[in-house]
Amino acid sequence: MNMSILNTILLQVPAPTPEQIEAKRDSIRAGARMMIETAKTDPETFWQEVGKAALNFGIKVLAALLIFIVGILLIRWIQRLLKKAFEHRKTEQTIASFVSSFVSISLTVLLVVISVGTLGINTTSLAALLAAGGMAIGMALSGTVQNFSGGLMILAFKPFKAGDVIEAQGTLGTVIEVNITATKVLTPDNRVVILPNGALSNGVINNFNGRPLRRIEWSVSVSYGVDAEKCKEAILEIVNSDPRILNKDTDVTELYKTLDVSSYQLSTVNYRMDAIPDPFVALKQLNANDITFVVRAWVVGKDYWDVFFVMQERFYTELPTKGFTFAYPHVDVTMLN
């Protein structure tokens, strides 16, 4: 498949005609005969010309070597400059490495072409061959190029980073590595799933760690006949007793400092919360056998699941002691004589 693509592209370059090939051969033969005749009839002039040609070629070789050495030193200087710039801006390591390698390879290829041109060699055919080869490789590796482009998009816009819990392409887990073509996700059952960046960048990504604060929601169902207001007060008392639950009195600025949130992140739209709502309880639904209260509270993202499960258990164990029982499906049967 790859060879057929390469052949198709190379066939687009016009091949020399037999007449052109023969004319070239005649020119080479004529030049060789002239050199031989000159060497026989006027050896002194012949060797002078050979010396001049060797001297000119030697100068070109020295110039090419000088250009190549200076170019290599310049490329290394540019790499060091890029490294310092990336470190100063705290750029993602993957994208920093990729950009540095891409710039180095591109400049090295350009340097080789310039050095070869300094020797007097026609670089047009070399450039055409490189272009044709690049096009052939790009067509043959179209899927890889798509993943490559997706990786650039992910690294540039950063919808997630290593350590974030995401759900994408039917996979839920913690991001353990982001490279230029794929993203590795560790699932809760300790499997490593590799997601191609092409599909990942074009799909829906649910980032559970996209913001430092998260809201938890519980549904608490109790029997009919309870005092709704007193039940809400009992639920709020349980929720507010946990120090991890945030409320309107929480110092948001100090909280973000504790979480080490950067000023750049805080300047992002909808990233910062200027005030945190108090825990909320309301009667949500009247069911066939019970009534359901919805409970909402804000916590730091890393405490989400711990608080969720602790509160769930406390609702179950503490509400009955306060006189609020849980209903269960039942049927009332009336017997008639």
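Since we're looking at a predicted model, the values are computed, not measured.

Visitor: Help me understand a nonpolar patch on the surface, please; the structure alone is not making it clear to me.
Guide: Together, L62, L65, F68, I69, L73 and V112 make up an exposed nonpolar region whose accessible area comes to about 550 Å². Tracing the sequence through the fold places I69 in helix α3 (residues 43-89).

Visitor: Quick question: what am I supposed to make of the packing of aromatic side chains here?
Guide: Pairs of aromatic rings are described using the distance from one ring centre to the other and the angle between the two planes. Applying the stated criterion across every chain, the model contains seven aromatic pairs. Residues W218 and F315 carry aromatic rings whose centres are separated by 5.8 Å and whose planes lie at 90° to one another, so their mutual orientation is edge-to-face. Pair noted here: W218 is in strand β6 (residues 213-223) and F315 is in helix α11 (residues 304-318), with a separation of 97 residues, a long-range link. Note on W218: relative accessible area 1%, which makes it buried. Put simply, the rings of W218, Y304, W305, F308, F309 and F315 pair up and form one aromatic cluster. Over the face of the ring belonging to Y304 we find R214, whose NZ or CZ atom lies 3.8 Å from the ring centre.

Visitor: Looking at this structure, how should I read the sheet that holds strand β7 (residues 280-286)?
Guide: Sheets are built from strands that pair by backbone hydrogen bonding, the pairs being arranged parallel or antiparallel. The strand order β6-β8-β7 describes an open sheet built from three strands, whose pairing is antiparallel. In the strand order of this sheet, the two ends are held by β6 and β7, each with one partner. Direction aside, the axes of adjacent strands within the sheet are offset by 25° on average. Most of the contacts of helix α8 (residues 228-240) go to strand β8 (residues 290-300), to which it runs at about 30°, and overall it touches β6, β7 and β8. Docked against the sheet, α11 engages β6 and β8, running at close to 15° with respect to β6.

Visitor: It is not clear to me how the sheet that holds strand β3 (residues 182-186) should be interpreted in this structure. Could you clarify?
Guide: Judged by pairing direction, the sheet is antiparallel, and its five strands sit side by side in the order β4-β3-β2-β1-β5 without closing on themselves. Strand pairing shows two members of the sheet lacking a second neighbour, β4 (192-196) and β5 (205-207), which therefore form its edges. The mean inter-strand angle of the sheet, taken between neighbouring strand axes irrespective of direction, is 40°. As defined by bridge partners, strand β2 (residues 171-178) adjoins β3 across four bridges and the pair is classed as antiparallel. Each bridged residue has a counterpart across the sheet, and for V178 the counterpart in β3 is T183.

Visitor: Help me out: how do you make sense of unusual backbone geometry in this one?
Guide: Negative phi characterises most residues that are not glycine, and trans characterises most peptide bonds. A positive phi angle is found at K158, which is not glycine, with a value near 50°. Tracing the sequence through the fold places K158 in the loop between α6 (142-157) and β1 (165-168). Taking the relative accessible area as the measure of exposure, K158 reaches 44% and is therefore partly exposed.

Visitor: Please explain the nonpolar core as it appears in this structure.
Guide: Taken as a class, soluble globular proteins show a tendency for nonpolar side chains to be buried jointly. Core analysis: the biggest nonpolar cluster contains 23 residues, and W218, I235, V239, V295, F315 and L319 have the highest contact counts within it. Of all the secondary structure elements, the ones that give two or more residues to this core are β6, α8, β8 and α11. Beyond its immediate chain neighbours, meaning those up to four positions away, L319 contacts V220, A234, I235, I238, R314, F324 and F326. With twelve residues, the next largest nonpolar core counts I154, I166, I180 and V185 among its residues.

Visitor: I keep staring at the packing of α8 against α11 and nothing clicks. Help me out?
Guide: In a packed pair of helices, the relevant descriptors are the angle between the two axes and the axis-to-axis distance. Their axes nearest at 10 Å, the elements α8 and α11 cross at an angle of 135°. Classified by the interaxial angle, the pair formed by α8 and α11 is oblique. Crossing of α8 over α11 shows right-handed handedness. Contact residues: I235, I238 and V239 in α8; M311, R314, F315 and E318 in α11. Each residue belonging to the contact of α8 with α11 can be placed in one class, and the counts come to five nonpolar, no polar and two charged.

Reading the values: rules and limits
- Residues numbered from 1 in each chain as written.
- Predicted model: local features only at pLDDT ≥ 70, side-chain atom pairs only at ≥ 80, totals over all residues.
- Heavy atoms only, no water.
- Patch = residues over 30% accessible without salt bridge, like charges linked within 9 Å, V, L, I, M, F, W, Y side chains within 5 Å.
- Areas by Shrake-Rupley, 256 points an atom, 1.4 Å probe, with all protein chains shown as cover.
- Salt bridge = Lys/Arg side-chain N within 4 Å of Asp/Glu carboxyl O.
- Helix = DSSP H or I, 4+ residues; strand = E, 2+ residues; numbered from the N terminus.
- Phe/Tyr/Trp six-rings, centres within 6.5 Å; stacked < 30°, edge-to-face > 60°.
- Buried < 20%, exposed > 50% of the residue type's maximum accessible area, 1.4 Å probe, protein only.
- Lys NZ or Arg CZ within 6 Å of the ring centre and 35° of its normal.
- Pairing = 2+ DSSP bridges.
- Axes fitted to C-alpha atoms, helices over the stretch in contact; angles between N-to-C directions.
- Contact = heavy atoms within 4.5 Å.
- Core = buried A, V, L, I, M, F, W, Y, C linked by side-chain atoms within 4.5 Å.
- Parallel < 35°, antiparallel > 145°, perpendicular 65-115°, else oblique.
- Left-handed = near helix turned anticlockwise from the far one by under 90°.
- Nonpolar A, V, L, I, M, F, W, Y, C, P; charged D, E, K, R; others polar.

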